[in-house]
Amino acid sequence: MTPPTALTIAGSDSGGGAGIQADLRTFFAHGVHGLVALTAVTVQNSLGVQGFTEIPADVVTAQIKAVASDMGVNAAKTGMLATAEIIRAVAKTLDEVEVGSLVVDPVAASMTGHALLREDALEAIRTELFPRATLITPNLDEVRLLTGISVVDAASQRSAAEALLEFGSRWVLVKGGHLVGTPECVDLLTDGREYRELSGPRYETENTHGGGDTMASAITSSLAKGASIPDAVAAGKKFIERCVAEGYSLGAGVGPVSPFW
Ligand code: PLP
């Protein structure tokens, strides 16, 4: 039987913890066939990102068109997009092909603080991609970069979600995992009418590399299988909780969330 398909438009992680490597194994774990439009090759290990080289924008476009025209894309996600030129090319291409739902994970930097996006590119994500997105999945650092709002509690998380909706996506998920000192990780999902708080345990672990990518690709997998946004996000949260709980150390720095469970 032919499985559903999901397309990741994202960068490669030489350390195998994040990027397309995390996306593909998450799609696989959900019984979804993974398709790839590679945007950048990063050089990184557990200590951080040493640098990256972007793929020419026309090659990113060609990868998306090649798979969408032949294999079909039930859902797509964007991760590391590297440059404003690639973002503009992806946005234009997404108008020309059918990709089902689109999850935009506005990746700006690694958790070790290294930029994964050239400086002018965040504005392009906001103006070119958010209006085309079914769902955007920023963490609190990305929320601050995108809106200027520092989320410190439930009220500011809601204000940030409302500010993000103004950029035009259908749904916003403000992930609360980076809020320190709270016993629970509370994510807020909204389309402006419905507000859902998704609460889960906070695990004391250093090994969270690739967590954002893994959650966004878990959500994308469920969407590819036909789930609604609230159901896909709830399932994605359960999935990432287990991956974080089983994260392991590898190398001298930050280890990955685990795909083995
Ligand atoms: N490398 C690539 C290619 C990524 O896409 C990402 C996150 O999206 C990262 C590194 C950073 O991952 P983390 O912030 O989990 O360390």
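As named in an unreviewed UniProt entry, the protein chain is Bifunctional hydroxymethylpyrimidine kinase/phosphomethylpyrimidine kinase, taken from Amycolatopsis iheyensis. Per UniProt, the protein chain has the following entry under Function (unreviewed entry): "Catalyzes the phosphorylation of hydroxymethylpyrimidine phosphate (HMP-P) to HMP-PP, and of HMP to HMP-P."

Enquirer: Quick rundown of the environment of S101? Include the residues and the values.
Expert: Following the sequence through the fold, S101 ends up in strand β5 (residues 101-104). Note: C-alpha distance between S101 and T220 (119 residues apart in sequence) is 7.9 Å. Not counting residues up to four positions away in its chain, the partners in contact with S101 are A75, T134 and L223.

Enquirer: If you had to explain the site of the ligand to someone new, which residues and values would you point to?
Expert: Close to the ligand lie 17 residues, the nearest being G11, A18, G19, S110 and M111. Of the residues that constitute the shell around the ligand, the class distribution is 6 nonpolar, 9 polar and 2 charged.

Enquirer: Quick rundown of the pairing of strand β2 (residues 33-45)? Include the residues and the values.
Expert: Examined bridge by bridge, strand β1 (residues 5-13) and β2 share 9 bridges and lie parallel to one another. Along β2, the bridge assignment pairs I9 with A37. Assessed by its sense of winding, the connection that carries the chain from β1 through helix α1 (residues 19-29) to β2 is right-handed. Note: β2 against strand β3 (residues 48-54), 6 bridges, orientation antiparallel. The residue of β3 that forms the bridge with T42 is F52. Between β2 and β3, which pair antiparallel in sequence order, lie 2 residues.

Enquirer: Got a sec to walk through the UniProt feature "domain: Pyridoxamine kinase/Phosphomethylpyrimidine kinase" (unreviewed entry) in the protein chain? Specific residues and values, please.
Expert: The UniProt record annotates "domain: Pyridoxamine kinase/Phosphomethylpyrimidine kinase" (unreviewed entry) at residues 13-257. End-to-end, the C-alpha atoms of residues 13-257 are 14 Å apart, and along that stretch the chain is 40% helix and 20% strand.

Enquirer: Which residues make up the nonpolar core, and what values do they have?
Expert: Counting residues in each nonpolar core, the largest one holds 70 residues, and the members touching the most others are L81, I87 and I219. With 7 residues, the top contributor of residues to this core is helix α8 (residues 229-245). Ignoring anything within four residues of it in the chain, the contact list for I87 reads L81, A121, A124, I125, E128 and L129.

Enquirer: Could you give an account of the sheet that holds strand β6 (residues 135-136), naming the residues involved and the relevant values?
Expert: Judged by pairing direction, the sheet is mixed, and its 9 strands sit side by side in the order β3-β2-β1-β4-β5-β6-β7-β8-β9 without closing on themselves. Every interior strand has two partners, whereas the edge strands, β3 and β9 (195-201), have only one. Direction of pairing for β6 relative to strand β7 (residues 171-174): parallel, over a ladder of 2 bridges. Residue pairing across strands places L135 opposite W171, the latter belonging to β7. Packing against the sheet, helix α6 (residues 154-165) makes contact with β6, β7 and β8 (184-190), and its axis sits at approximately 145° to β7. Seen against the sheet, α8 touches β6, β7, β8 and β9 and runs at an angle of roughly 15° to β9.

Enquirer: Can you lay out the pairing of β8 for me, pointing to particular residues and giving the numbers?
Expert: Within a regular strand, side chains alternate between the sheet's two faces. Burial along β8 is one-sided: the face carrying C185, D187 and L189 is buried and the face carrying E184, V186, L188 and T190 is not. Adjacent in sequence and paired antiparallel, β8 and β9 are bridged by 4 residues, among which G192 carries a positive phi angle near 95°.

Enquirer: Could you give me a rundown of the environment of G247, with the residues and numbers involved?
Expert: For G247, the position within the fold is in the segment after α8. The spatial distance from the C-alpha of G247 to the C-alpha of F130 is 31 Å, given a sequence separation of 117 residues. In contact with G247, not counting residues within four places along its chain, are T205, N207, T208, G255, P256, V257 and S258.

Enquirer: Please set out the environment of L135 residue by residue, giving values where relevant.
Expert: Among the secondary structure elements, L135 is positioned in strand β6. With 81 residues separating them along the chain, L135 and A216 place their C-alpha atoms 9.6 Å apart. The contact partners of L135, leaving out residues within four places of it in the chain, are V103, S169, R170, W171, L173, I219 and I229.

What counts, and where the lines are drawn
- Residues numbered from 1 in each chain as written.
- Predicted model: local features only at pLDDT ≥ 70, side-chain atom pairs only at ≥ 80, totals over all residues.
- UniProt positions renumbered as here; feature names shortened; annotations may be inferred.
- Helix = DSSP H or I, 4+ residues; strand = E, 2+ residues; numbered from the N terminus.
- Contact = placed C-beta atoms within 7 Å.
- Near = placed C-beta within 6 Å.
- Nonpolar A, V, L, I, M, F, W, Y, C, P; charged D, E, K, R; others polar.
- Pairing = 2+ DSSP bridges.
- Right-handed = clockwise from strand over helix to strand, strands pointing away.
- Core = buried A, V, L, I, M, F, W, Y, C linked by C-beta atoms within 7 Å.
- Buried ≥ 20, exposed ≤ 12 C-beta atoms within 10 Å, placed from the backbone.
- Axes fitted to C-alpha atoms, helices over the stretch in contact; angles between N-to-C directions.

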